[in-house]
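# Observations on the model geometry
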Amino acid sequence: MLGLRPPVAAAFVLLFVLYQSAEGVGLRLLHSFPVQAALMAACVLAAWPLSRRLGYRGYRAYALEAGPRWWLWLPGGLALAALAKGMAVAAGLRMGVYTAISPDAPPAWSALLATAPMLLLSTFVPSLAEDILTRGFWYRAAGIPWRRGVWFVAFSAAVFVLNHVYRLGKGPLEWWMLCCFGTAYATALWRSGSLWGAVGLHWGWNLANGALDLLWPVGLLDATMSPLLSAAAHLLMTLVVLLVPTGSVRRE
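Residues numbered from 1 in each chain as written. Predicted model: local features only at pLDDT ≥ 70, side-chain atom pairs only at ≥ 80, totals over all residues. Heavy atoms only, no water.

### Some remarks on the overall build of the chain
Note the threshold: Counting from the N terminus, the helices are DSSP H or I runs at least four residues long and the strands are E runs at least two residues long. Between the two quantities, the radius of gyration covers C-alpha atoms and the globule rule is 2.2 Å times the number of residues to the power 0.38. In this description, contact between two residues means that some pair of their heavy atoms is separated by no more than 4.5 Å. For every accessible area listed, the method is Shrake-Rupley and the probe measures 1.4 Å; residues are considered covered only by the protein chains on display. The charged-residue count follows a simple rule in which Lys and Arg add positive charge and Asp and Glu add negative charge, with His and chain termini not counted at all. One atom stands in for each charge, and that atom is NZ of Lys, CZ of Arg, CG of Asp or CD of Glu.
Each helix and strand counted, the chain has 8 helices and 2 strands in total. Helices and strands appear in the chain in the N-to-C order α-α-α-β-α-α-α-α-β-α. Its C-alpha atoms give the chain a radius of gyration of 18 Å, within 12% of the compact-globule value 18 Å for 252 residues. Along the three orthogonal principal directions, the C-alpha set of the chain runs to about 55 × 45 × 35 Å. Nonlocal contacts in the chain, meaning residues at least 24 apart in sequence, comprise 79% of its contacts between residues at least 6 apart. Put simply, the chain shows about 12500 Å² of open surface, and 70% of that area lies on carbon and sulfur atoms. For the chain, the distance from the average site of its 18 positive side-chain charges to the average site of its 9 negative ones is 14 Å.

Next up, the structure:
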C-alpha cells in the first residue's frame, strides 16, 4: 500500500475497517444508531494505541497535539465553517435552491440547548475519526516526505473522496463537492501543522448543519445547486485559510 511499512499499513486498514463499519454494519446492516456510534468511537479510541505502536506519544501520529497556535485554529475553524454554512444557506434561499420552512416561527433555541450535548458529541467524533483517517494519518504516520503542500492536499482530498464509499454512486457532482471539502480541511492541516486546524473546519461544518436544522430549517428545491453551494463555501474557506499568516510551522 503506497510503499507503507507493514505496521503502518496494518494500522490504516484497522482504522479504515472500524470507520466504514460504523455505517456499513451499524447503520445499514443492523439499523442501530448505538452500534454505529460505538464503532465510530472505537475508531477514535483505537487510534491511540496504534499511534503508540507506531512510535508516537498519544495521538501525535496524526498531528493531533498542541501544535502551533492550535488553540486559535480550532475555534477559528469552527467560527469560519459556521459562517460559511450560514452564507451558503442564505445564498441558496435567495437563489431558489432552498425554501424556508415555517419562516414565521420563532427559532427553536430551547430545542438547540436541549440537544446541544448530543449534537456536539455526535458531530465531533465522526469528524475527528475521518480527519485522523484521511488527513492526519497521511500527514505524519504514513511517513511520506511531503515536500510541497499542494501534493499533500491533493492526495488527502482524493482519499477523503474515496473514503465516502457509500456516496460514490451519486456521481461526479458529489465527488466534486467532497473534493472541495477535503481540499479545505487538508489545507488547514498543512497550514497550521496540526490536525486541530482541519478538525475546526470539519467539525464546524457538521455542527452548523445540525444547529441550522433546528434554528433555520429549509427545504431542498434544487438538488444540483445545493452541493455546488457547499463546494463553493469550502473553496472560500480554503482561500481564507491560505491567507492566514502561519509563521514558521514545523513539519515532522
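### Quick look at the packing of helix H1 (residues 6-29) against helix H2 (residues 33-53)
Applied cut-off: Here an angle of 0 to 180 degrees is reported between the N-to-C directions of two axes, which are lines fitted to C-alpha atoms, with helices fitted over the stretch in contact. Each angle is binned into one of four classes, with values under 35 degrees roughly parallel, values over 145 roughly antiparallel, values of 65 to 115 roughly perpendicular, and all other values oblique. Residues are grouped as follows: Ala, Val, Leu, Ile, Met, Phe, Trp, Tyr, Cys and Pro are nonpolar; Asp, Glu, Lys and Arg are charged; every other residue, Gly included, is polar.
Running from N to C, H1 and H2 cross one another at 170°; their axes reach a closest spacing of 7 Å. Taken together, the axes of H1 and H2 lie roughly antiparallel to each other. On H2, the residues touching Ala 11, Leu 14, Leu 15, Leu 18, Tyr 19, Ser 21, Ala 22, Val 25, Gly 26 and Leu 27 of H1 are Val 35, Gln 36, Leu 39, Met 40, Ala 42, Cys 43, Ala 46, Ala 47 and Leu 50. For the contact of H1 with H2, a count of residues per class yields 16 nonpolar, 3 polar and no charged.

### Some remarks on the packing of aromatic side chains
To describe a pair of aromatic rings, you give the distance between the ring centres and the angle between the ring planes. The cut-off we apply is this: Each Phe, Tyr or Trp ring, with Trp reduced to its six-membered ring, pairs with another whose centre is within 6.5 Å; inter-plane angles below 30 degrees give stacked pairs, above 60 give edge-to-face pairs, and intermediate values give tilted ones. Buried means the residue's accessible area, taken with a 1.4 Å probe over protein chains only, is under 20% of the maximum for its type, while exposed means over 50%, and partly exposed covers the values in between.
Counted by the stated rule, this structure contains 15 aromatic pairs. When the centroid spacing of 5.4 Å and the interplanar angle of 45° are considered together, the rings of Phe 12 and Phe 137 count as tilted. With Phe 12 in helix H1 and Phe 137 in helix H4 (residues 109-141), the pair connects residues that are 125 residues apart, well separated along the chain. In this pair, the class of Phe 12 matches that of Phe 137, namely buried.

### Description of the packing of helix H3 (residues 70-95) against helix H8 (residues 225-243)
Quick reminder of the rule: Handedness of a crossing is defined here by the sense of rotation of the near helix relative to the far one, left-handed for an anticlockwise turn of less than a right angle and right-handed for a clockwise turn.
Where H3 meets H8, the axes come as close as 9 Å, and the angle between the chain directions of the two elements is 145°. H8 is crossed by H3, and the crossing has right-handed handedness. Touching Trp 73, Leu 80, Ala 81, Ala 84, Met 87, Ala 88, Ala 91, Gly 92 and Met 95 of H3 are Met 225, Leu 229, Ala 233, Leu 236, Met 237, Val 240 and Val 241, all from H8. Residue classes in the contact of H3 with H8 are distributed as 15 nonpolar, 1 polar and no charged.

### Observations concerning the layout of surface pockets
Over the atoms rolls a probe the size of a water molecule, and its path tells where empty space is left. In plain terms, the rule: The pocket and cavity definitions rest on a 1 Å grid over protein atoms only: a 1.4 Å probe that fits but cannot leave marks a cavity, an open set with protein on both sides within 12 Å along at least five of seven lines marks a pocket, and residues lining either have an atom within 4 Å of a point. Grid points are joined across faces, edges and corners, and a volume is the space filled by probe spheres set on the points.
Computed from the structure, the largest pocket encloses a volume of approximately 1300 Å³. If you go around the largest pocket, you meet 48 residues; those closest to its centre are Pro 126, His 164, Arg 167, Asn 206 and Asn 209. Residue classes in the lining of the largest pocket are distributed as 29 nonpolar, 12 polar and 7 charged.

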